[in-house]
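# Coordinate analysis (summary)
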Amino acid sequence: METKRIRTIKISFLEIATMALEALWSNRLRTSLTMLGVIIGIASVIMVTSVGQGVQKATEQQIQALGTNVMLVLSGAARSGGISQGSGSATTLTWEDAQAIAQQSPAAEAVTAFLQRGGQVVYGEQNSSTSVLGVDLNYSDVKEIKPQVGQFFTQDDLNNAESVTVLGSKVKDDLFAAGETPIGKSVRIQAGRYRVVGVMEPKGSVGGQDQDDRVYVPLTTMSSQIVGNASLNGTAISGFWIKAADQAQLEAAQFQVTNVLRIRHGIFPPNPDDFRISSQIDIINTFSSVVGLFTVLVSAIAGISLVVGGIGIANIMLVSVVERTREIGIRKAIGATNSAVLSQFLAEAIMVSLAGGAIGVAIGVSLAFAASASFKFPFVISLWSVFAGLALALVVGLLAGVIPARNASQLDPITALRSD
């Protein structure tokens, strides 16, 4: 008897890819719906990551614009009924403390004291509820903010507690009509009249505080006319800013400031300090940590869409195996190997997920760009998020296609041909 041999057909990768594309194209609606879960998941991950990084970068830029080599010292917290009222609510710092720091701290390049209260500023029939800051002459240099119109206070204004003020740009817009110059005009702050000598340049909002929604008066004027000197040891202040030569000097400045204030205030361990020190670096690090955690959380939620998309791919591929049982039987009967059938179904699953991933990346980038343009923060797209999105899509396709492809490759050709 002549031995019969089953002839096997070797199929190239290109042929497998072509057959997979033809199978997907012939069921376009089903393929599109299958890709939808992957598209949503990848687009969400890309957009959330981009928006989180953009917001973080915008905040860092705003804080750095105020100077990364500055440090804030606030007075202690008052307590009422055992509840802390927050830093700055107690009178524990004085202008004399700030002047001592300027003289005794080598790392402190400049020091500026401030006294802050909320108040009403009125001009004609317009009024603005804002923050009133009493400051000294170093404020403009330390905080890197200059008058856009007019000038800042003079030494004589500070020495004589003159009734003059410099307006923040937002307060100026609230009180005066467009094109109207406020210089030389008189505004009412609380119960007193103050002559406007300047308008500060816009600085924007940092940490939820609008740097333009405030007015400035000489510290001596603020203490004597608006607040009243509430300290027996000198001119009470809310706190003071310290400018170091560079960012590297902040740690040395903090050590020196802490020791000088403890000595002046008679504080010895284990007694707690009656002041609090923070730097812009602390603010940046804290905010970056919060935004980073939020981005991870939302990205994890968006990743659930990828899981759902993978389940959808697996379900559709399993249905496809059942629908194409006869086709699989014919291919195996004419010599297609198990590995060829396995490769084709895996190729279909991977193509669906990669196509969904590519579309998801494009949609995610577009949505991130639209968000940055609408809300005015930097447009940031990291390559790792794009590559990670495509890699996730590939992994989803592989995992979702393994079982359906294996089932298809193991079908008995005789049984498959008998199926309807």
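Residues numbered from 1 in each chain as written. Predicted model: local features only at pLDDT ≥ 70, side-chain atom pairs only at ≥ 80, totals over all residues. Heavy atoms only, no water.

### A short note on the overall build of the chain
In plain terms, the rule: In DSSP terms, a helix is any run of H or I states spanning at least four residues, a strand is any run of E spanning at least two, and both are numbered starting from the N terminus. Summary of the burial criterion: residues with accessible area below 20% of their type's maximum are buried, those above 50% are exposed, and those between are partly exposed, where the area comes from a 1.4 Å probe applied to protein chains only. Here a residue-residue contact requires only that any non-hydrogen atoms of the pair lie within 4.5 Å. Per-residue accessibility takes into account occlusion by the displayed protein chains alone, with areas from the Shrake-Rupley method and a 1.4 Å probe.
Along its length, the chain carries 13 helices and 16 strands. Put simply, the chain has 420 residues, and 43% of those count as buried. The contacts in the chain between residues at least 6 apart in sequence include a share of 77% that link residues at least 24 apart. Accessible surface computed for the chain: about 21600 Å², of which carbon and sulfur atoms make up 59%.

### Thoughts on a nonpolar patch on the surface
Put simply, the rule is: Residues form patches when they are more than 30% accessible in relative terms and have no salt bridge. Like charges link within 9 Å. Nonpolar side chains (Val, Leu, Ile, Met, Phe, Trp, Tyr) link within 5 Å. Here, a salt bridge means any Lys or Arg side-chain nitrogen found within 4 Å of an Asp or Glu carboxyl oxygen.
On the surface, Leu29, Leu33, Leu36 and Ile40 cluster together to form a nonpolar patch covering roughly 410 Å² of accessible area. Relative to the assigned elements, isoleucine 40 resides in helix H2 (residues 28–65). Owing to a relative accessible area of 42%, isoleucine 40 belongs among the partly exposed residues under this scheme.

### As for the nonpolar core
Formally: Nonpolar core, defined: a set of buried Ala, Val, Leu, Ile, Met, Phe, Trp, Tyr and Cys residues in which side-chain atoms within 4.5 Å join the residues together.
By size, the foremost hydrophobic cluster in this structure holds 38 residues, and its most contacted members are Val73, Phe240 and Ile242. Ignoring anything within four residues of it in the chain, the contact list for phenylalanine 240 reads Met71, Leu72, Val73, Leu93, Ala98, Ile101, Val111, Thr112, Ala113, Phe114 and Leu261. Core analysis: the next-biggest nonpolar cluster, separate from the first, contains 18 residues, Tyr139, Val142, Phe153 and Tyr216 among them.

### Comments concerning the confidence of the model for the chain
To be explicit about the condition: A residue's pLDDT is simply how confident the predictor is in it, with values from 0 to 100.
For the chain, per-residue confidence averages 80 on the pLDDT scale, and residues scoring 70 or more make up 82% of the total. Within the model, pLDDT remains below 50 along residues 1–9, and this stretch shows seven contacts once partners closer than five positions in the same chain are excluded. Within the model, pLDDT remains below 50 along residues 78–89, and this stretch shows 23 contacts once partners closer than five positions in the same chain are excluded.

### Comments concerning the packing of helix H10 (residues 325–333) against helix H11 (residues 338–375)
Just so we agree on the cut-off: Convention adopted: a line fitted to C-alpha atoms gives each axis, helices being fitted over their contacting stretch, and angles between N-to-C directions are expressed from 0 to 180 degrees. Between 65 and 115 degrees an angle is taken as roughly perpendicular, under 35 as roughly parallel, over 145 as roughly antiparallel, and anywhere else as oblique. Should the near helix be turned anticlockwise from the far one by less than a right angle, the crossing is termed left-handed; should it be turned clockwise, right-handed. Under the convention adopted here, Pro, Cys and the residues Ala, Val, Leu, Ile, Met, Phe, Trp and Tyr are nonpolar, Asp, Glu, Lys and Arg are charged, and Gly plus all remaining residues are polar.
Between H10 and H11, the shortest axis-to-axis distance is 10 Å and the interhelical angle comes to 140°. Here H11 runs oblique to H10, going by the angle between their axes. Viewed along their axes, H10 and H11 form a crossing whose handedness is right-handed. Contacts from Glu327, Ile328, Arg331 and Lys332 of H10 reach H11 at Asn338, Val341, Gln344 and Phe345. Each residue belonging to the contact of H10 with H11 can be placed in one class, and the counts come to three nonpolar, two polar and three charged.

### Describing the environment of alanine 405
Relative to the assigned elements, alanine 405 resides in helix H12 (residues 383–409). In this structure the C-alpha to C-alpha distance between alanine 405 and alanine 347, which are 58 residues apart in sequence, comes to 9.2 Å. In this structure, alanine 405 is in contact with Leu342, Phe345 and Leu346, ignoring residues within four places of it in sequence.

### Considering the packing of aromatic side chains
The criterion, for reference: The criterion for an aromatic pair is that two Phe, Tyr or Trp rings (for Trp, the six-membered ring) have centres within 6.5 Å, with stacked assigned to planes under 30 degrees apart, edge-to-face to planes over 60 apart and tilted to the rest. A ring has a charge above it when a Lys NZ or an Arg CZ is no more than 6 Å from the ring centre and no more than 35 degrees off the ring normal.
Within this structure, the stated rule accounts for four aromatic pairs. For the pair phenylalanine 152 and phenylalanine 153, a centre-to-centre distance of 4.5 Å together with 40° between the ring planes defines the contact as tilted. Taken as a pair, phenylalanine 152 and phenylalanine 153 share a single burial class, namely buried. Geometry around tryptophan 241 places lysine 143 over its ring, the cationic atom sitting 3.4 Å from the centre.

### What about the side chain of threonine 221?
Mapped onto the elements, threonine 221 comes out in helix H7 (residues 219–227). Residue threonine 221 is classed as buried on the basis of its relative accessible area, which comes to 0%. Look past the residues within four positions of threonine 221 in its chain and what remains in contact with it is Ala161, Glu162, Ser163, Tyr194 and Ile226.

### Here we look at H7
Buried within H7 we find Leu219, Thr221, Met222 and Ser223. Glycine 228, located one to two residues past H7, shows a positive phi value of around 95°.

### Considering the pairing of strand S15 (residues 239–244)
Residues in a regular strand point their side chains to alternate faces of the sheet. In plain terms, the rule: One bridge is not enough; two strands pair if DSSP finds at least two bridges between them.
Counting buried positions over the six residues of S15 gives six, a clear majority of the element. Where burial is concerned, the two faces of S15 agree: the one with Gly239, Trp241 and Lys243 and the one with Phe240, Ile242 and Ala244 are both buried. Relative to S15, strand S1 (residues 70–75) runs antiparallel, the two sharing five bridges. The partner of leucine 72 across the bridge, within S15, is tryptophan 241. The pairing of strand S5 (residues 108–123) with S15 spans six bridges and is antiparallel. Counted as the bridge partner of phenylalanine 114 is glycine 239 from S15.

### A few points about the pattern of salt bridges
Applying the stated rule across the entire model yields six salt bridges. The partner of arginine 264 in a salt bridge is aspartate 97, and the shortest N-O contact between them spans 2.6 Å. Of this pair, arginine 264 sits in helix H8 (residues 250–265) while aspartate 97 sits in helix H3 (residues 95–104), and the two are 167 residues apart along the sequence. What makes arginine 264 partly exposed here is its relative accessible area of 40%.

### What to know about H11
Our working rule: Every helix has an expected span of 1.5 Å times one less than the residues it contains.
Taking 1.5 Å per residue as the helical rise, H11 with its 38 residues ought to reach 56 Å, and the 55 Å between its terminal C-alpha atoms agrees with that figure. Directly after H11, the chain includes lysine 376, whose backbone phi takes a positive value near 60°.

### Focus: unusual backbone geometry
With an omega dihedral of 10°, the bond running from proline 269 to proline 270 counts as a cis peptide bond. Structurally, proline 270 can be placed in the loop between H8 and strand S16 (275–279). A positive phi angle, near 55°, is found at glutamine 190, a position not held by glycine. Within the secondary structure layout, glutamine 190 lies in the loop between strand S9 (186–189) and strand S10 (192–200). Its relative accessible area of 37% is what places glutamine 190 among the partly exposed residues. Of note in the backbone geometry, lysine 376 takes a positive phi value of approximately 60° without being a glycine. Mapped onto the fold, lysine 376 is located in the loop between H11 and H12. The class for lysine 376 is exposed, based on a relative accessible area of 72%.

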